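Residue-level structural notes
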Amino acid sequence: MSQADTPEMPTSMQAAIMRDQKIVVDDMAVPTPGPGQVLVKTLACGICGSDLHMLRHGPRLSKTAAPGDRIMQGMDFAHDIVMGHEFCAEVLEFGPDCEPPSNKVNVKAGQMVCALPAVFGPGWRRTVGYSNDYSGGYGEYMVLQAALMLPVPDNLTPEMAALTEPMAVGLHAVEMARLERGAVPLVIGCGPVGLAVIAALKGKGVGPIVAADYSQGRRALAVAMGADVVIDPGEQSPYDSWRLSAVLPDAVANDISPPPPPLGPIPERLKPGVIFECVGVPGVIEQVMAGAPTQARIVVVGVCMEADTFQPYQGIIKELNLQFVLGYTPDEFAASLAMIDSGRIDLSPLITGRVGLGGVAQAFNDLADPDQHCKIMVQPALV
Ligand SMILES: [Zn+2]
């Protein structure tokens, strides 16, 4: 192993640990990087809504995990788990077989990096932050996969760079939506996921972007991310609003409207609709299906970890397309960092709080208030 400038590597660290469905701060051993892995020091790590869900629902969900569920397979809730997968870190020490320049990305000790939160070897993969073996960014140190690291440009702060992961989620959702030419997007829910979707849509030049959220604070953030029409669903139907934004010019409407088929849905003579469900609580998919225009694509980005029901008939009569998405590709992750670095959209309003490890448990509670908070950054160096 090669030593960085740090004279001595620490052997013990502090972390905000998920234990017995609570977040507690405790000491634990600093992880050792294996082949292809790198020891890093956490600089900033965003608290993700999925972590809130995991704290609450993880133990139950892990009992019924599907064979292909690589996230749940890495988690035994009877033992400590350190969450945190939206991080920026400083490289300290390389494990075997990945010292620069052989780590492909040519990252050196002392450099600031982001990384896809995964560690893998032949035939296995673990998610950093959703694993008993690979602790995440709510701890002072982590082990990351060298091949999945990206150097962070010098001009970015750690907390801006830590937004790479959640913004990549939005980018992936938009890629998976396979937007048709002229499609008008509707974003339901303007929490961190919905806001990332809006920013990605804006980055692609798609519009007008219609967005809806009950919280005034989040509606303001939706405007800041680039939404064109922002609705309070308590006052106005997001779907009616979407229809107004999706009206076709008469000439086009007359031209493209085919005669109604003998059986099946009658086209609505509107621009193509894509609805991003970014709420992730039971009942929302059904509401979206009820409000959606004919032949819309519904992209489910919100992470609901509870049982939910909907009426398939709603989808049948409109020929709806229901698409679920997860994560992002390495290319989307890199594009997300590049988008942040470009400064095209000022993401700083998304960060509404900063805590040290001792503040993580309270931050999990505080995030329940959408008017107060969007993204809280954990900075282990903060006391
Ligand atoms: Zn996340």
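Residues numbered from 1 in each chain as written. Predicted model: local features only at pLDDT ≥ 70, side-chain atom pairs only at ≥ 80, totals over all residues. Heavy atoms only, no water.

What to know about the coordination of the zinc ion
Those protein atoms acting as donors to the zinc ion are Cys48 (SG), His85 (NE2) and Glu86 (OE), and they sit at 2.2 to 2.7 Å. Written as a sequence motif, the donor residues of the zinc ion are C-x36-H-E. Taken as a pair, Cys48 in the loop between strand 3 (37-46) and helix 1 (49-63) and Glu86 in strand 4 (residues 86-94) lie far apart in primary sequence, 38 residues in all. This pair shows no difference in class: Cys48 is buried, exactly as Glu86 is. (Donors = N, O, S within 2.8 Å, 3.2 Å for Na, K, Ca; no water. Helix = DSSP H or I, 4+ residues; strand = E, 2+ residues; numbered from the N terminus. Buried < 20%, exposed > 50% of the residue type's maximum accessible area, 1.4 Å probe, protein only.)

Points about a nonpolar patch on the surface
Taken together, the side chains of Phe310, Leu322 and Phe324 present a nonpolar region at the surface, about 270 Å² in accessible area. Inspection of the secondary structure assignment puts Phe310 in the loop between strand 14 (297-300) and helix 9 (312-318). (Patch = residues over 30% accessible without salt bridge, like charges linked within 9 Å, V, L, I, M, F, W, Y side chains within 5 Å. Areas by Shrake-Rupley, 256 points an atom, 1.4 Å probe, with all protein chains shown as cover. Salt bridge = Lys/Arg side-chain N within 4 Å of Asp/Glu carboxyl O.)

Things to note about unusual backbone geometry
Residue Gly207 is joined to Pro208 through a cis peptide bond whose omega torsion reads 0 degrees. Of note, Asp20 is a non-glycine position whose phi angle comes to about 50 degrees, a positive value. Of note in this structure, Gln295 is not a glycine but carries a positive phi near 60 degrees. With respect to the secondary-structure elements, Gln295 resides in the loop between helix 8 (284-291) and strand 14. Of the residues examined, Gln295 reaches a relative accessible area of 48% and is grouped as partly exposed.

So, the side chain of Gln323
Secondary-structure assignment places Gln323 in strand 15 (residues 321-324). When its relative accessible area of 13% is taken as the criterion, Gln323 is described as buried. Within polar-contact distance, the side chain of Gln323 engages the side chain of Arg178 at 2.9 Å. Apart from residues no more than four positions distant in its own chain, Gln323 is found in contact with Met176, Arg178, Arg297, Ile298, Val299 and Val300. (Polar contact = N/O pair within 3.5 Å; in protein donor to acceptor, adjacent residues only side chain to side chain. Contact = heavy atoms within 4.5 Å.)

Regarding the environment of Gly110
Mapping Gly110 onto the fold places it in the loop between strand 4 and strand 5 (112-115). Taking the relative accessible area as the measure of exposure, Gly110 reaches 47% and is therefore partly exposed. Residues in contact with Gly110, not counting those within four places in the same chain, are Glu90 and Val91.

Quick word on the domain arrangement of the protein
Along its sequence, the protein is carved into domain 1 (12-163 + 347-378) and domain 2 (166-324). On a C-alpha basis, the centres of domain 1 and domain 2 stand 31 Å from each other. In this complex, domain 1 contributes 17 residues to the contact, which on the side of domain 2 involves 14 residues. Both sides together, the interface formed by domain 1 and domain 2 hides about 1,400 Å², and carbon and sulfur atoms give 69% of it. When the area that domain 1 buries against domain 2 is broken down by residue, the three leading residues are His53, Leu350 and Cys374, summing to 29%. On the surface where domain 1 and domain 2 come into contact, there are zero salt bridges. The interface formed by domain 1 and domain 2 holds seven residue pairs in polar contact (both at pLDDT 80 or more) in total. In terms of residues, the side of domain 1 that touches domain 2 owes the most to one element, helix 1, which gives six residues. Classifying every residue of the side of domain 1 that touches domain 2 by side-chain character gives nine nonpolar, four polar and four charged. (Domains from an automatic or database assignment. Buried area = accessible area lost by both parts, 1.4 Å probe. Nonpolar A, V, L, I, M, F, W, Y, C, P; charged D, E, K, R; others polar.)

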